[in-house]
Amino acid sequence: MAPTASTRDRMTVLAPEGMLGYGIPVRSMEEGLARNPDVLAVDAGSTDPGPYYLGAGVPFTSRRAVKRDLAMMLDAAHARRIPVLIGSAGGGGGRPHVEWLVNVYREICRERGYRFPTATIQAEIDKGWLKAKVARGQVTPLDLLDPLTSETIDAATRIVAQMGDEPFQKALDLGAEVVIAGRACDASVIAALPIRAGFDQALAIHMGKILECGGAAAYPRHGSHSGVASPKAGD
Amino acid sequence: MSGRGVRTIGDVAQFVTSKNAGPFLLTLDIVFADEATYRIFKSVKPLDRHVIAGLYGIPETDVLKIIEFDPAYAIKVTLRRPLSSGGLGETDVYGAQQHVPLMLHEIDWPEAG
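Residues numbered from 1 in each chain as written. Chains lettered and ligands numbered in written order. Predicted model: local features only at pLDDT ≥ 70, side-chain atom pairs only at ≥ 80, totals over all residues. Heavy atoms only, no water.

A look at the overall build of chain A
Then step 1. Looking only at helices and strands, chain A has nine helices and six strands in total.
Then step 2. A compact globule built from 235 residues would reach a C-alpha radius of gyration of about 18 Å, and chain A, at 18 Å, matches this within 12%.
Then step 3. Oriented by its inertia axes, the alpha-carbon framework of chain A measures out at about 55 × 45 × 40 Å.
Then step 4. The burial tally for chain A puts 49% of its 235 residues in the buried class.
Then step 5. Across chain A, the fraction of contacts at a sequence separation of at least 24, relative to all contacts at a separation of at least 6, is 75%. (Helix = DSSP H or I, 4+ residues; strand = E, 2+ residues; numbered from the N terminus. Rg over C-alpha atoms; globule rule 2.2 N^0.38 Å. Buried < 20%, exposed > 50% of the residue type's maximum accessible area, 1.4 Å probe, protein only. Contact = heavy atoms within 4.5 Å.)

Comments concerning the packing of helix α8 (residues 186-196) of chain A against helix α9 (residues 201-211) of chain A
Residues and elements named next belong to chain A.
Then step 1. Interhelical geometry of α8 versus α9 gives an angle of 140° and a closest axis separation of 7 Å. Put simply, α8 runs oblique to α9. The crossing of α8 and α9 is right-handed. Each of Ala187, Ser188, Ile190, Ala191, Pro194 and Ile195 in α8 lies in contact with α9, whose residues at this interface are Gln201, Ala204, Ile205, Met207, Gly208, Lys209 and Leu211. (Axes fitted to C-alpha atoms, helices over the stretch in contact; angles between N-to-C directions. Parallel < 35°, antiparallel > 145°, perpendicular 65-115°, else oblique. Left-handed = near helix turned anticlockwise from the far one by under 90°.)

Quick notes on the interface of chain A and chain B
Then step 1. With eight residues of chain A at the contact, the number on the chain B side is 11 residues.
Then step 2. Applying the counting rule to chain A against chain B returns two salt bridges.
Then step 3. For the interface between chain A and chain B, the tally reads three residue pairs in polar contact (both at pLDDT 80 or more).
Then step 4. Broken down by class, the residue content of the side of chain A that touches chain B amounts to three nonpolar, two polar and three charged. (Salt bridge = Lys/Arg side-chain N within 4 Å of Asp/Glu carboxyl O. Polar contact = N/O pair within 3.5 Å; in protein donor to acceptor, adjacent residues only side chain to side chain. Nonpolar A, V, L, I, M, F, W, Y, C, P; charged D, E, K, R; others polar.)

Looking at the sheet that holds strand β2 (residues 39-43) of chain A
Residues and elements named next belong to chain A.
Then step 1. Across the sheet, which stays open at both edges, the six strands sit in the order β4-β5-β3-β2-β1-β6 with mixed pairing between neighbours. Of all strands in the sheet, those bounded by a partner on one side alone are β4 (118-121) and β6 (227-229). Taking each pair of neighbouring strands and ignoring which way they run, the sheet shows an average axis angle of 15°.
Then step 2. Inspection of the sheet shows strand β3 (residues 84-87) paired to strand β5 (residues 178-181) by three bridges, in the parallel sense. (Pairing = 2+ DSSP bridges.)

In structure tokens form, the structure reads like this:
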């Protein structure tokens, strides 16, 4: 594969791995960086491990592994002046999860002398606000037809909403070079910069869906590996 | 062993797998190695809501979708989970160990010819 160069008509997105903290192989990252990416975008969360981690406010990945992977990404971002976008920080993407990742991030920046304009985006929503929405009939269920009730809301320890690409774009508009966001659609994290640059939104989200698990969409199938995509204008 | 003309789904598929699909759904995938086997499976029509509900001990209304996906030579079945992922009393958070009843289900199978 030839190295790709970014133009107005082409953009390159590097997803260094499928989940922040899964352990980016050095060679995989190098191969990705050799394609001259315009952005490093990574998903850091999942609903797969169940609700415990969200409720307890703790990550499901190891701090040491997350620090190692994030440092690799920040080294590349610092050397190349390209943004880093992270969605569903800390796994669950609640307030304590975002704070946990920001703490890791600050530690790396202190140790290496990095100073990036940084945005954090919270995703927790207020129970009272949500109950008012339910009372006004403004909540519709996904997938199944079980309605959300105020009892379910009261029983929840913590509630997060899933953001799309728009908050990432806003953070970039405000000058952020590192964005650490709470619960976010994994495909939107990957797609945010191309959409902001004017590439077709549907195509960019489709690209994001393929890349959100990093190398898991390719053979040999490893979610810890990097994935690269280059949308072209007119595609 | 299976009798003549009878196979388990696990015998004829390349693999049978299960996985959570969000906290409330479970997805079962039957993937075939080649188009010919997939076409035979489709022609036998061994699966419907009644059969799957029986295999999993759930109401037929909780068998939400049975999808034949030709490009992947695969059948996907979506179930409502009896207990949500990680809920009290639930024993398979990832839903990754729920494929066995489907895998061991015996179906009529024409002899290769």
